[in-house]
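Structural overview
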Amino acid sequence: MRKKIAAANWKMNTTLAEAESLLQTMQGFAPKLDENHIAVFGIPFPYLSLAGEKLGEKPFHFIAAQNCSDKASGAYTGEVSVAMLQSVGVRYVILGHSERREYQQEGNALLAAKTDAVLQGGLTPIFCCGESLSIREAGTQDAFVQKQIEESLFHLDAQQIKQVVIAYEPIWAIGTGKTASSAQAQEMHAHLRSVFAKQYGDDVAAEISILYGGSVKGANAAELFGQPDVDGGLVGGASLNAEEFLTIMNAL
Ligand code: 13P
């Protein structure tokens, strides 16, 4: 059975004191999670160890980084390797977020290399894809997102692709309060699953968790997660509010 996942992406938010307080509150919660319904916390690099201490011991809670290097080690000033992340208890790495694609010029080829590095290190990539408003308005979103997937992931074999979590995040829905309708989300998720099915077969495609991201909050999570191909969410703004994120975890 593919996993249902509530994933927080704190982005570049919180001071140490704020992070500590948020993690402390989360530590006190008892969300309805199990082996197939899990929570993942995408925390800024400086607080990853702290997050591991606060949440890493809680069952079905996992810590994620928001990026990593494609290189193993060496003279890459300012970069963070997969081995470093693994050594502080990180289990997931968000890759290819639209903000990194836009502001750090991360392209499909680099993201293919980062995916390889994460998998080789035994961690799980959360691979983000999604179209801009102009692409959505032109009606070419299916082909655009398919190309992101093909160019960054189709070199993987069936065993490897099953380890990858996909996050579909339409850029026009990120931080805008304008959520994709549950029908729009379902339509794209079904398309993505068919893309995987064509390349790897139905059984493999059925194993891949596909999360939706873009203005997910407590009030809309249950409806979005109720769609047959929506396996949870990658949550920005609402994940900075402990009670909101608790509602989202429980909506799985
Ligand atoms: P918001 O939930 O703030 O729209 O952000 C979505 C996102 O980018 C998660 O990675």
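Since we're looking at a predicted model, the values are computed, not measured.

What follows concerns the overall build of the protein. Helices and strands together make up the secondary structure of the protein, namely twelve helices and eight strands. For 252 residues, the compact-globule estimate of 2.2 N^0.38 gives 18 Å, and the C-alpha radius of gyration of the protein, at 17 Å, lies within 12% of that figure. For the protein, buried positions account for 54% of its 252 residues. Accessible surface computed for the protein: about 10900 Å², of which carbon and sulfur atoms make up 51%. Placing the 19 positive and 28 negative side-chain charges of the protein at their respective mean positions leaves the two points 1 Å apart.

Looking now at the site of the ligand. As a structural note, the neighbourhood of the ligand is formed by 13 residues, with Lys11, His97, Gly175, Ser215 and Gly237 the closest of them. Between the ligand and Asn9 there is a distance of 3.0 Å, counted from an oxygen atom to a side-chain nitrogen or oxygen. In the environment of the ligand, an oxygen atom lies 2.7 Å from a nitrogen or oxygen atom belonging to the side chain of His97. In the complex, 95% of the free accessible area of the ligand, which totals 310 Å², lies under the protein chains.

Counted under the stated rule, the structure contains five aromatic pairs. Here Phe154 and Tyr200 contribute two aromatic rings whose centre-to-centre distance is 5.7 Å and whose plane-to-plane angle is 90°, an arrangement assigned as edge-to-face. In this pair, Phe154 is assigned in the loop between helix 7 (141-153) and helix 8 (158-161) and Tyr200 in helix 9 (residues 182-200), connecting sequence segments 46 residues apart. Residue Phe154 shares its accessibility class with Tyr200, and that shared class is buried. Through pairs of rings, three or more aromatic residues link up here, namely Phe154, Phe196 and Tyr200.

Rules used in this analysis
- Residues numbered from 1 in each chain as written.
- Predicted model: local features only at pLDDT ≥ 70, side-chain atom pairs only at ≥ 80, totals over all residues.
- Heavy atoms only, no water.
- Helix = DSSP H or I, 4+ residues; strand = E, 2+ residues; numbered from the N terminus.
- Rg over C-alpha atoms; globule rule 2.2 N^0.38 Å.
- Buried < 20%, exposed > 50% of the residue type's maximum accessible area, 1.4 Å probe, protein only.
- Areas by Shrake-Rupley, 256 points an atom, 1.4 Å probe, with all protein chains shown as cover.
- Lys, Arg positive; Asp, Glu negative; His and termini not counted.
- Charge placed at Lys NZ, Arg CZ, Asp CG, Glu CD.
- Near = heavy atom within 4 Å.
- Polar contact = N/O pair within 3.5 Å; in protein donor to acceptor, adjacent residues only side chain to side chain.
- Phe/Tyr/Trp six-rings, centres within 6.5 Å; stacked < 30°, edge-to-face > 60°.

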